[in-house]
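Observations on the model geometry
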Amino acid sequence: MGMNMTEKILARHAGLSHVEPGQLITCQLDMVLANDITAPPSIKEFERIGRPVFDNEKIALVPDHFQPAKDIKAAGLGKIVRDFAKKHKIKNYFEIGRVGIEHVILPEFGLVGPGMLTIGADSHTCTYGALNGFSTGVGTTDLAVGMATGRAWFKVPETIEVHLTGEKPADVNGKDVILTLIGMIGVDGALYKSLEFTGEGVAALTMTDRLTIANMAIEAGAKNGIFPFDEKTKEYVEGRVKGAYEPVTSDADAKYCRTVEIDLSSLRPVVAFPHLPGNTKRVMDIAEPIKIDQVVIGSCTNGRLEDLEISAGLLKGHEVHPDVRCIVIPGSQAVYQEAMHLGYIDVFIDAGCAVAAPTCGPCLGGYMGILTAGERCVSTTNRNFRGRMGHVDSEVYLAGPHVAAASAILGRIAAPEEVK
């Protein structure tokens, strides 16, 4: 029996010729990641082990959740990470001003790539599957052991094939694809399974689309999401990924526990209603206007240059609705700078948006956009659980940059074609 992409990566890193779903294995790691919230407890556990880090070039520490420090406690968390990075000479430590949102900058800096195995103490570490690697979130103890030994244990997941066909419409992006999928299978539809994206429709997806889709694999309960290596992947990683990399392809007789078919050409802009990412509806099917108070454009899901390009394209020549606060957060310093050179930042400011330094901030109810009771927000982030962005009686509607920008202009949840 052949193997799929996830199985091949896990087998290779376990030093085995073949693995099967359900098998428990121990693998060598290519990259270990933590942020300002998850690194401090992992560092505490690491220090109990009493040994140096396994490789100071294969650990990435990114203070991005509450940084720039929002309060004294956040400053203390940042100092723990900073001191640890200095003590162990961590090469890939990203200080304020040279930082970005972790899942934006690791691909950007070429620290993850095809065939690599990455763990991170953050559930959206699954983002890097867009580059044909295996990446997944882990707990703080597993991360501490990973930093000390360069190894982690896994149960080989079953794999769901998501077969994509057709060309997506111009107003549809990766966020619409993944929200549609989660709406189809549910937030537990891929519980501890791999989502492998296949079919000729993959070629219609930009790298930004793929990073967005892989990022939200966890919102369907998946262990990871993974895309095939093709010309778009090659173009993205060449000259970016340091050192040699080894892509993987699924065997013709690879085994899948289920196949889900999605015709991209049939998709329309969607939004996930509170309080689950799977509570999706097409914007065109919303019967009554849903007025909003805030829009957030950014995050590890939709904070890349292409996302800002889409948003700026709709906002140009328009103003944010007077009843709406629109917050734009570029995913990295490089994204911020390029957006500035291309004129997007001017567009946002002219439209009445607030543009912030790269941070996770509002996504997890940290800062830079907290909601009070009764407020509604359209957000390009990845979770809309009750209380996720502030008060438990606030509401978050997940959408892509097209819908977010259109909603900011019209003051209600809106499709991009409604903007004249």
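Residues numbered from 1 in each chain as written. Predicted model: local features only at pLDDT ≥ 70, side-chain atom pairs only at ≥ 80, totals over all residues. Heavy atoms only, no water.

1. What to know about the packing of aromatic side chains
Rule in force here: What counts as a ring pair is set by centres within 6.5 Å for rings of Phe, Tyr and Trp (its six-membered ring), and what kind of pair is set by the plane angle: stacked under 30 degrees, edge-to-face over 60, tilted for all other angles. Put simply, DSSP marks the helices as runs of H or I at least four residues long and the strands as runs of E at least two long, and each gets a number from the N terminus on. Residue burial is assigned from relative accessible area. The probe radius is 1.4 Å, only protein chains are included, and a residue is buried under 20% of its type maximum, exposed over 50%, and partly exposed in between.
Applying the stated criterion across every chain yields a total of six aromatic pairs. With a centroid separation of 5.7 Å and an interplanar angle of 90°, the aromatic rings of F134 and F154 are classed as edge-to-face. Taken together, the positions of F134 in strand β6 (residues 134–137) and F154 in strand β7 (residues 151–155) put the pair 20 residues apart, joining distant regions of the chain. Assigned by exposure class, F134 and F154 land together as buried.

2. What to know about the UniProt feature "binding site: [4Fe-4S] cluster" (unreviewed entry) in the chain
Rule in force here: UniProt positions are given in the numbering used here, feature names are shortened, and annotations may be inferred rather than shown by experiment. Contacts between residues were defined by any pair of non-hydrogen atoms, one from each residue, lying within 4.5 Å.
Using the residue numbers shown here, the UniProt feature "binding site: [4Fe-4S] cluster" (unreviewed entry) corresponds to C300, C360 and C363. Taking the farthest pair of C-alpha atoms as the criterion, the annotated set spanning 64 residues converges on one region, since that pair is 9.2 Å apart. Here C300 shows up in helix α9 (residues 299–302). If sequence neighbours within four positions are ignored, C300 has contacts with I101, H103, V104, H124, N215 and N382. The topology assignment puts C363 in the loop between β16 (354–355) and β17 (376–379).

3. Digging into the packing of helix α6 (residues 174–185) against helix α7 (residues 207–215)
Short version of the rule: In this analysis an axis means a line fitted to C-alpha atoms, helices contributing only their contacting stretch, and an angle means the value between N-to-C directions, from 0 to 180 degrees. Working definition: roughly parallel below 35 degrees, roughly antiparallel above 145 degrees, roughly perpendicular at 65 to 115 degrees, and oblique for all remaining angles. Crossing handedness follows the turn of the near helix against the far one: under a right angle anticlockwise gives a left-handed crossing, and clockwise gives a right-handed one. In this classification, Asp, Glu, Lys and Arg are treated as charged, Ala, Val, Leu, Ile, Met, Phe, Trp, Tyr, Cys and Pro as nonpolar, and every other residue, Gly included, as polar.
Axis separation between α6 and α7 bottoms out at 8 Å; the angle between their running directions is 30°. Classified by the angle their axes make, α6 and α7 are roughly parallel. With respect to the hand of their crossing, α6 and α7 are arranged in right-handed fashion. On the side of α6, the interface is formed by G174, K175, V177 and I178, while α7 contributes D209, T212 and I213. Its residues assigned to classes, the contact of α6 with α7 shows three nonpolar, two polar and two charged.

4. Observations concerning the sheet that holds strand β9 (residues 193–198)
Keep this limit in mind: When DSSP finds two or more bridges between a pair of strands, those strands are recorded as paired.
Overall, parallel pairing links the four strands, which are arranged β10-β9-β8-β11 in an open sheet. At either margin of the open sheet sits one strand with a lone partner, and together these are β10 (224–226) and β11 (258–263). Pairs of neighbouring strands in the sheet enclose a mean axial angle of 20°, with direction left out of account. Relative to β10, β9 runs parallel, the two being bridged by three bridges. When the bridges of β10 are listed, S194 appears paired with N224. Across the sheet, α6 is in contact with β8 (158–165), β9 and β11; its angle to β11 comes to roughly 135°.

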